[in-house]
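Below, each chain spelled out in residue letters.
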Amino acid sequence: MSTVVLSNPLRPALLAAARSQRAERGLTRMPVTKRIVDRFVAGESRDAALENVRELLRQNRFVTIDYLGEDTLDPAQAQHVVDEYLALIDALAQVPGRSESGCARPLEVSVKLSAFGQALPGDGHAVALNNARKVVEAAENAGVWVTFDAEDHTTTDSTLSIVRELRRDHPDTVGTVLQAYLRRTEDDCRAFAEEGARIRLCKGAYNEPETVAFRRKREVDASYLRCLRILMRGKGYPMVATHDPAMIEAAALLATAVPRGRDDFEFQMLYGIRPAEQDRLVRMGQHLRVYVPFGDQWYGYFVRRLAERPANLMFFLRSAAPGR
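Owing to the predicted nature of the structure, the values given are computational and were not obtained by experimental measurement. (Residues numbered from 1 in each chain as written. Predicted model: local features only at pLDDT ≥ 70, side-chain atom pairs only at ≥ 80, totals over all residues. Heavy atoms only, no water.)

Chemist: How should I be thinking about the overall build of the protein chain in this particular structure?
Modeler: Within the protein chain, the secondary structure is distributed over 13 helices and eight strands. For the protein chain, the proportion of its 324 residues judged to be buried stands at 55%. Total accessible area on the protein chain is roughly 13,500 Å²; 50% of this is exposed by carbon and sulfur atoms. (Helix = DSSP H or I, 4+ residues; strand = E, 2+ residues; numbered from the N terminus. Buried < 20%, exposed > 50% of the residue type's maximum accessible area, 1.4 Å probe, protein only. Areas by Shrake-Rupley, 256 points an atom, 1.4 Å probe, with all protein chains shown as cover.)

Chemist: I tried to follow the side chain of R198 on my own but got confused; where do I start?
Modeler: Note on placement: R198 falls in strand β5 (residues 198–202). Excluding its chain neighbours within four sequence positions, the residues that come into contact with R198 are E108, W145, V146, T147, T173, V174, G175, T176, Y237 and M239. (Contact = heavy atoms within 4.5 Å.)

Chemist: Would you explain the confidence of the model for the protein chain in this entry?
Modeler: Caution is warranted with low-pLDDT regions, since their predicted coordinates should not be read in detail. Averaged over the protein chain, the pLDDT score is 87; the fraction of residues at 70 or greater is 81%. Per-residue pLDDT stays below 50 along residues 319–324; that stretch engages in seven contacts with residues further than four places along the chain or on separate chains. (pLDDT = per-residue confidence, 0-100.)

Chemist: What exactly am I supposed to notice about unusual backbone geometry here?
Modeler: Trans is the prevailing form of peptide bonds, just as negative phi is the prevailing case for residues other than glycine. Here the residue pair V258 and P259 is connected by a cis peptide bond, since its omega of -5° sits within 30 degrees of zero. Structurally, P259 can be placed in the loop between α10 (245–257) and β7 (266–270). Despite not being glycine, N60 shows a phi value in the positive range, around 65°. For N60, the position within the fold is in the loop between α4 (46–58) and β1 (62–67).

Chemist: Any chance you could explain the sheet that holds strand β2 (residues 107–111) here in plain terms?
Modeler: Within a sheet, each strand pairs with its neighbour through backbone hydrogen bonds, oriented either parallel or antiparallel. Around the barrel, which closes on itself, the eight strands sit in the order β1-β2-β3-β4-β5-β6-β7-β8 with parallel pairing between neighbours. When the angles between neighbouring strand axes are averaged without regard to direction, this sheet yields 25°. Here four bridges tie β2 to strand β3 (residues 145–148), and the two strands are oriented parallel to one another. Residue pairing for β3: E108 is matched across the bridge by W145. Contacts from helix α11 (residues 275–283) reach β7 and β8 (288–294), with the element oriented near 160° to β7. (Pairing = 2+ DSSP bridges. Axes fitted to C-alpha atoms, helices over the stretch in contact; angles between N-to-C directions.)

Chemist: How do you make sense of the environment of A205 when you look at a structure like this?
Modeler: You can see A205 is positioned in the loop between β5 and α9 (217–233). Among the residues examined, A205 registers a relative accessible area of 9% and is labelled buried. For the pair A205 and Q179, spaced 26 residues apart in sequence, the C-alpha to C-alpha distance is 8.4 Å.

Chemist: It is not clear to me how empty space enclosed by the protein should be interpreted in this structure. Could you clarify?
Modeler: Any empty space left between the atoms is revealed when a probe the size of a water molecule rolls over them. Summed over all chains, the structure comprises three cavities of 30 Å³ or more. Contributing to the lining of the second largest cavity are 13 residues, with A150, T156, L160, V177 and Q179 lying nearest its centre. Those elements giving two or more residues to the lining of the second largest cavity turn out to be α7 (156–169), β4 (174–179) and α8 (185–195). A breakdown of the residues in the lining of the second largest cavity according to their chemical character gives five nonpolar, five polar and three charged. (1 Å grid on protein atoms, 1.4 Å probe; cavity = no way out; pocket = protein on both sides within 12 Å on 5 of 7 lines; lining within 4 Å. Points joined across faces, edges and corners; volume = space filled by probe spheres on them. Nonpolar A, V, L, I, M, F, W, Y, C, P; charged D, E, K, R; others polar.)

Chemist: Help me out: how do you make sense of the packing of helix α6 (residues 124–142) against α7 in this one?
Modeler: Think of two packed helices as two axes; the pair is described by the angle between the axes and how far apart they sit. In the contact formed by α6 and α7, the axes pass within 10 Å of each other and the chain directions differ by 40°. The angle between α6 and α7 places the two elements in the oblique class. When you trace α6 past α7, the crossing you get is right-handed. Together, H125, A128, L129, A132, R133, V136 and E140 of α6 and S158, S161, I162, E165, L166 and D169 of α7 make up the contact between the two elements. Looking at the contact of α6 with α7 residue by residue, the class counts come to six nonpolar, three polar and four charged. (Parallel < 35°, antiparallel > 145°, perpendicular 65-115°, else oblique. Left-handed = near helix turned anticlockwise from the far one by under 90°.)

Chemist: Looking at this structure, how should I read the state of the cysteines?
Modeler: Chemically, a disulfide is nothing more than a covalent bond linking the sulfur atoms of two cysteines. This model, assessed by the stated rule, comprises zero disulfides. The thiol of C189 is not disulfide-bonded; the next cysteine sulfur, from C227, is found 3.9 Å away. (Disulfide = S-S within 2.5 Å.)

Chemist: What is the right way to look at the packing of α4 against helix α5 (residues 75–92) in this model?
Modeler: At a minimum axis separation of 11 Å, α4 and α5 run at an interaxial angle of 35°. In this structure, the crossing between α4 and α5 has a hand that is right-handed. Together, R46, L50 and V53 of α4 and E84, A87, L88, A91 and L92 of α5 make up the contact between the two elements. Residue composition of the contact of α4 with α5, grouped by class: six nonpolar, no polar and two charged.

Chemist: Is there a simple way to explain the packing of aromatic side chains in this structure?
Modeler: The way to describe two aromatic rings as a pair is by their centre distance and the angle between their planes. Considering all chains together, one arrives at five aromatic pairs under this definition. Both rings, one in Y67 and one in F294, keep their centres 5.2 Å apart while their planes meet at 45°; by these two values the pair is tilted. Of the two residues, Y67 is situated in strand β1 and F294 in strand β8; the sequence distance between them amounts to 227 residues. Note on accessibility: Y67 and F294 belong to one class, buried. Consider the rings of F265 and F267, whose centres lie 5.5 Å apart with planes at 70°: the pair is edge-to-face. Following the ring pairs from residue to residue traces out a cluster consisting of Y67, Y85, F116 and F294. (Phe/Tyr/Trp six-rings, centres within 6.5 Å; stacked < 30°, edge-to-face > 60°.)

Next comes the structure, spelled out in structure tokens:
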């Protein structure tokens, strides 16, 4: 999902902390942390996540569910993640209120290929592809979408290669994420828009070098708008993942100008972020999908949420202050 690059002066340090085991040990031991995490993470268990999913559907929102975990270097852990997704998809197939709206499927799962073994030595790419294929086949049978999340830039070529391989047999089920702060993304948007792919466009949430990524907010915003125009004018289904009011307004104006109907694109926001804006978009009749993460491997996700927006970080710091 989107981030405001460099608007938080602590962002580089927080993004480094997101992959630091020492920082993880320190933060997760703070008594206040779990209470704040509940704002951004829909529970540690599948049952807790499904309870939130059912409530969001009752609120006329779509959902995408992420079983938290990444950077897996253990084949057994990768298999555990695959098994959890298969069980989740089986449970989603039984959820009421999941009828399609236009071309959109209200239920979706979001997958990080690094959790499927992408980084395993030697054959990680092949392992991740095989694991992803099992999940996609199950999702297609259940009428559930699968979107493959973007991670740091070193995984992009492998991820997009796997996505294209899976889209050959499952073009209506498989989508992916493109990050506007990467310099390559405008070209990737053109290619996927021409293919008619389903693309979630976000700004980006990793600490990337300037050689591969825009690092100034105005550059990232400009890139996001260029990519958004390409996707809106293309053959696919744009998923506008942002909490930025300027980008939300730009997406609505572009959709009107193209024209692209409300069933032909959607907005996406994170669980627990800008709930009033989520309500507003739903009341306007826009498709709004909520990114619902769950699981006990929440640390990296949580710290990236703190890095994204100063408001998130200040909320955490106020809650952690003595006497709170």
